[in-house]
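As a plain string of letters, each chain reads:
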Amino acid sequence: MAQQGFPSCDLSPYPPKARNLAEANGKLLGLLPVVFRVILLREILSYDWKFPAERRELEEQLRLLAGLSESELTLCVQGFAGIKLNASIERLDGWADPAGFMEQLTDWLWSSGQMERFRAAAQAFAAFASAAKTPDPPPEARLGIVVIGQGAQKSDAPLFRKLRAHGVYFDNIKPEGGLETLLEAAHQRSLAHGTLGQAQSSRYKHWYIDGDVARPSLFDVQLSYAQLQQPRGLLLERIQQVIASQSAGPESLRSLLAKMRPEEIGLGGGMDPVLGHFAMSLLTEGSGTQVFSTTFVQWAARECLRRAQPETLLLRYAPRQQLRPMNVMLSQAKPGPPDPQGSLVDADMGAYYTWLNMSRLPGADRMRFLAWFEGHSEAIAVGPGLPAGASSRNPLDMRQLLAMLS
Amino acid sequence: MNASVSLLHEVSARQGWQRREFLRALGGVAGLGALSGFAPLRAMNMPRGQKAVVVTFGGGARDEETFAPEGQENIPYMLRELIPQGTFYTQVINRGILGHYVATASLATGRYETLDNFALVPPSHATVFEYFRHDLRRPATDAWVIAPSNGFNCIGSSDNRSFGANFGAGVILPKHLLAAALQEQSSVDYEHLLSDNYESPIAVPTAAFSVEDIHRTAELLKLSLDNFRTHARSLASPDELSVYIARTLMQQLSPSLLWITLHDIDIAHSGAYSLYLDGIRRSDRLCGELWRAIQNDPEYAGRTTLFILPDFGRDSDLEASGNGFQHHRSGDALSRTTWMIVLGPGVRQNVVVDRPVDSLDLVPTLGAVLGFSPTQAQGQRLHEVL
């Protein structure tokens, strides 16, 4: 392990809270092997734009590490210490530009055959941190609702195949008023366990993400594909400039996107800065989110769950455009005609991934999950007390279905 | 063996076992046999004029969408036609970099190449095409690569000084051929064939096709540009265009070594699951068509070995650091473990090989089939198909 003291380093790129956190943990950071230190620095650098749940986790990790003896610390990060760096990476300033360092490191790990070793080190640390962590389930059971298939006709293949093993499949749901009922139910949760207007530390718990124009509603966070049309356009314009310049390759583009600021694509101004950064990350780090609304909803849900750990999440998929050549779709050309049947398949898989990602969060044993084929009679419900692998032909309306989950 | 390598082996073995069980459960492939100790089937007693066709998928497909019960509907040709006629390896492990150009270059050299996946650079080690042409004194028209992606321009030969471009394969990028053929014409009807790079929005720079290049290639293929344009309009994807060019090559030049990289599956990077499934179904159908074309062509029938393999896998749904089918970035065991089908004269039919083999084993095996010595290649000959 690199036994270094706190070096004189450039923290000027760090926003205020991040800088305070780095300085407060300077001694610890100086003791860590360089690879692990840079991983932590990358997280610290974005501290000001993190959700409360992420901040808590980062602070907990730093507290955990700071509380270890030197020999314990050596043991828990030894996998990272064993990673060999090359001279050009060693010359990089991981303090000032951890993202740039990580990009170079990733290439090096692949080319030097050390990716397996890195994965093992990361898994070992994650297991250690997880074992030391006090379980922190939400006070209310999480609720995930996924509405799929807007505009699609009957599915060509059975729906919810991957989810059926985990809950009850319904095929006689009365669709009338279903969407309004789901929106209202999710909204009532946000009021009952509400965080609107509260301190930032307890915000971002109730989310609504729509693949088209969001229905009028009142959630902590409401994001829609339509709402981000202008930022998407500005981002694609920037990408086109890079492509047209013929002076940059894929790596340069990735670096450019990583260093982009929300205001550059119209996400500054009056927008909550944490949400502005989050929305920007969906467009700059997500693959396909710029061109397919289905991918946007799936990725936004994944990132929202991983990062904000919400108590309520309502997703509504909309038809994405039909496939056209990537360069055409990225050129800001008018979106192609919609592909509702393909989008139904995409969203069905997206619903499964949302359930999987919810299952990774604290309190998963109490979580409730519902996916519904909008305007149709098929749905799946997963939750405590609902038998796994069952099906029901009972005629139910959406209110009754929700009641089974409560 | 360190813990991470041991884990990779363990998961790969489980994956291979599952593939065997999936196939066993399938009625049409009920008679699967296993290979353990045995004598070489025909050793090196190969017919004269032996040929080989290699099909790789740039963009792996996972078992959930292929060999697992819920995925079998997507690969009817492989399950019902190809596997019953060939030997199926359930565990082919790729220990290299999981980018499509660099991984395909590794398959072609038998060494884990470390080149920049997005750069226009040739492999560092001699390619299978160079060994083939050098050792067997074959002309340039006898080895070809058909690849859809821009980055594949340089895959036909290495920058190794003992071999190099003089012994390399001809490389056809059908998309570029079509784009050039459409010069001064509207490409609106062909847009769907002009896209094949899904790993990055920025394409790798490519060597320009001159008018002379286009006409020389068209002349070699005895392809009227008008007919090419007309036929292309009837095709559904870049991979269909690639197979069309491959079949034209087979009819006109009958190359002894033909390498085709399919790429439609990699649309998975866009996150659209339905398009990824479409890519799998199309690749499956095209492999079936190619095998039938081989059987129906007197220049190929009875003396051609066909190898079909993805360059690597995709991330597992259960790998938290990934996003399921969309990418192959996590480096988890499933993204490294894939499979291979081998068909041809003397290759045992309806047989499954469970032992783990390496992606690098392809080149030494091609060397044994065609009769050249890949001196720089690593990996072992796959004795089950020799």
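Residues numbered from 1 in each chain as written. Chains lettered and ligands numbered in written order. Predicted model: local features only at pLDDT ≥ 70, side-chain atom pairs only at ≥ 80, totals over all residues.

Enquirer: Teacher, can you tell me more about the overall build of chain B here?
Expert: Across its full length, chain B carries 11 helices and 10 strands. Counting only residues that meet the buried cut, chain B has 58% of its 386 residues in that class. The long-range fraction of contacts in chain B, counting pairs at least 24 apart against all pairs at least 6 apart in sequence, stands at 74%. (Helix = DSSP H or I, 4+ residues; strand = E, 2+ residues; numbered from the N terminus. Buried ≥ 20, exposed ≤ 12 C-beta atoms within 10 Å, placed from the backbone. Contact = placed C-beta atoms within 7 Å.)

Enquirer: So what exactly am I meant to see when it comes to helix α10 (residues 178–192) of chain A here?
Expert: Because an α-helix packs 3.6 residues into every turn, residues spaced three or four apart end up facing the same way. Residue and element names in this part refer to chain A. A rise of 1.5 Å per residue sets the reference length of α10, with its 15 residues, at 21 Å; its end C-alpha atoms lie 21 Å apart and thus fit the reference within 8%. Turning to α10, its buried residues are G178, L182, L183, A185, A186 and S190. Buried residues of α10, viewed axially, fall in a sector of 160°; they line one side. Exposed and oriented more than 90 degrees from the buried face of α10 are E180, Q188, L191 and A192. In this fold, the buried residues of α10 make contact with β1 (143–148), β4 (206–210), β6 (312–316), β7 (368–373) and α17 (398–405). (Expected span 1.5 Å × (residues − 1). Arc of directions from axis to C-beta.)

Enquirer: Whenever I open this one, the pairing of strand β7 (residues 304–310) of chain B confuses me. Can you help?
Expert: Looking along a regular strand, one sees the side chains alternate between the two faces of the sheet. Residue and element names in this part refer to chain B. Burial analysis of β7 places 7 of its 7 residues in the buried class, which makes it a mostly covered element. Of the two faces of β7, both are covered, the one formed by T304, L306, I308 and P310 as well as the one formed by T305, F307 and L309. As paired strands, β7 and strand β8 (residues 337–343) are joined by 3 bridges and run antiparallel to one another. Within β8, the residue paired with L306 across the bridge is L343. (Pairing = 2+ DSSP bridges.)

Enquirer: In this structure, what is going on with the nonpolar core? I would like to understand it.
Expert: Most often, soluble globular proteins have nonpolar side chains that are buried together. Of all hydrophobic cores here, the largest spans 211 residues; its most connected members are A371(A), A379(A) and Y276(B). If you tally residues by element for this core, the top one is helix α9 (residues 273–296) of chain B, at 10 residues. Apart from residues no more than four positions distant in its own chain, Y276(B) is found in contact with I265(B), I267(B), A268(B) and F325(B). (Core = buried A, V, L, I, M, F, W, Y, C linked by C-beta atoms within 7 Å.)

Enquirer: Would you explain α17(A) in this entry?
Expert: Residue and element names in this part refer to chain A. Taken as a whole, α17 has its buried residues at M398, L401, L402 and L405. Buried residues along α17 cover an arc of 100° about the axis, so they all sit on one side. In this structure, the buried side of α17 is in contact with β2 (168–170), β3 (173–174), α10, β7, β8 (379–382) and β10 (396–397).

Enquirer: Could you clarify how one ought to interpret the sheet that holds β4(A) in this entry?
Expert: Picture the strands of a sheet paired through backbone hydrogen bonds; they go either parallel or antiparallel. Residues and elements named next belong to chain A. Spatially, β5-β4-β6-β1-β7-β8-β2-β9 is the arrangement adopted by the 8 strands of the open sheet, whose pairing is mixed. Two strands close off the open sheet at either side, each with one partner strand: β5 (221–224) and β9 (390–392). Taken over all neighbouring pairs, the strand axes of this sheet differ in orientation by 10° on average, direction set aside. The sheet contact formed by β1 and β6 spans 5 bridges and is parallel. Across the sheet, the residue bridging to I145 is L314, located in β6. (Axes fitted to C-alpha atoms, helices over the stretch in contact; angles between N-to-C directions.)

Enquirer: How should I be thinking about the confidence of the model for chain A in this particular structure?
Expert: Should the pLDDT be low somewhere, the predicted coordinates at that spot are not to be read in detail. On average, chain A scores 90 in pLDDT, and the residues at 70 or more come to 94%. Predicted confidence for residues 1–5 of chain A stays below pLDDT 50, and this span has 8 contacts to residues more than four positions away or in other chains. (pLDDT = per-residue confidence, 0-100.)

Enquirer: How should I be thinking about the domain arrangement of chain A in this particular structure?
Expert: One frequently used descriptor of interface size is the decrease in accessible area upon assembly of the parts. All names here are of chain A. Considered domain by domain, chain A is made up of domain 1 (6–132) and domain 2 (143–403). Centre-to-centre, using C-alpha coordinates, domain 1 lies 31 Å away from domain 2. With 8 residues of domain 1 at the interface, the matching set in domain 2 holds 13 residues. Elements that contribute at least two residues to the side of domain 1 that touches domain 2 include exactly α4 (52–66) and α8 (98–111). In the side of domain 1 that touches domain 2, the residues fall into 5 nonpolar, 1 polar and 2 charged. (Domains from an automatic or database assignment. Nonpolar A, V, L, I, M, F, W, Y, C, P; charged D, E, K, R; others polar.)

Enquirer: Any chance you could explain the confidence of the model for chain B here in plain terms?
Expert: All names here are of chain B. Of all residues in chain B, 82% have pLDDT values of 70 or greater, and the mean over the chain is 85. Predicted confidence is poor over residues 36–46, with pLDDT under 50, and the contacts of this stretch with residues over four places away or in other chains come to 6 contacts. Interface confidence in the predicted complex, given as ipTM, is 0.92; pTM for the same model is 0.90.

Enquirer: Where do I start with the environment of V351(B) in this structure?
Expert: All names here are of chain B. Here V351 is to be found in strand β9 (residues 351–353). Residue class for V351 comes out buried when judged on the 20 C-beta atoms lying within 10 Å of it. Taking the C-alpha atoms as reference, V351 lies 6.2 Å from F88; in sequence the two are 263 residues apart.

Enquirer: Help me understand the environment of Q123(A), please; the structure alone is not making it clear to me.
Expert: Following the sequence through the fold, Q123(A) ends up in helix α9 (residues 115–132). Each C-alpha atom, one on Q123(A) and one on R366(A), is 26 Å from the other, the two residues being 243 residues apart in sequence.

Enquirer: Help me out: how do you make sense of the packing of helix α16 (residues 340–359) of chain A against α9(B) in this one?
Expert: A pair of packed helices can be characterised by two numbers: the angle between their axes and the separation between those axes. Look at α16(A) against α9(B): their axes get within 7 Å of each other, and the N-to-C directions meet at 105°. Relative to α9(B), the element α16(A) lies roughly perpendicular. Between α16(A), through G342(A), V345(A), D346(A) and M349(A), and α9(B), the contact on the second element is made entirely by Y273(B), S274(B), L275(B) and L277(B). Each residue belonging to the contact of α16(A) with α9(B) can be placed in one class, and the counts come to 5 nonpolar, 2 polar and 1 charged. (Parallel < 35°, antiparallel > 145°, perpendicular 65-115°, else oblique.)

Enquirer: What am I meant to see in the environment of A105(B) here?
Expert: If you trace the backbone, A105(B) turns up in helix α3 (residues 100–109). Along the backbone, A105(B) and I155(B) are 50 residues apart, and their C-alpha atoms lie at a distance of 6.3 Å.

Enquirer: Whenever I open this one, unusual backbone geometry confuses me. Can you help?
Expert: Trans peptide bonds make up the majority, and among non-glycine residues the majority have a negative phi. In this model, Y204(A) sits at a positive phi of 65°, which is unusual for a non-glycine residue. Mapped onto the elements of the fold, Y204(A) is located in the loop between α10 and β4. The backbone of K222(B) shows a phi angle near 50°, a positive value even though the residue is not glycine. For K222(B), the position within the fold is in the loop between α6 (211–220) and α7 (225–233). Using a count of 11 C-beta atoms within 10 Å as the deciding quantity, one classes K222(B) as exposed.

Enquirer: Can you help me understand the pairing of β7(A) in this one?
Expert: Residue and element names in this part refer to chain A. Most of β7 sits out of view: 6 of its 6 residues are buried. Residues R368, L370 and W372 line one face of β7 and the alternating positions F369, A371 and F373 line the opposite face, and both faces are buried. In terms of strand pairing, β1 meets β7 through 6 bridges, oriented parallel. Bridged to L143 within β7 is R368. The pairing of β7 with β8 spans 4 bridges and is antiparallel. Bridge pairing links W372 to A379 in β8. Here β7 folds back onto β8 in antiparallel fashion, the turn holding 5 residues, of which G375 has a positive phi close to 80°.

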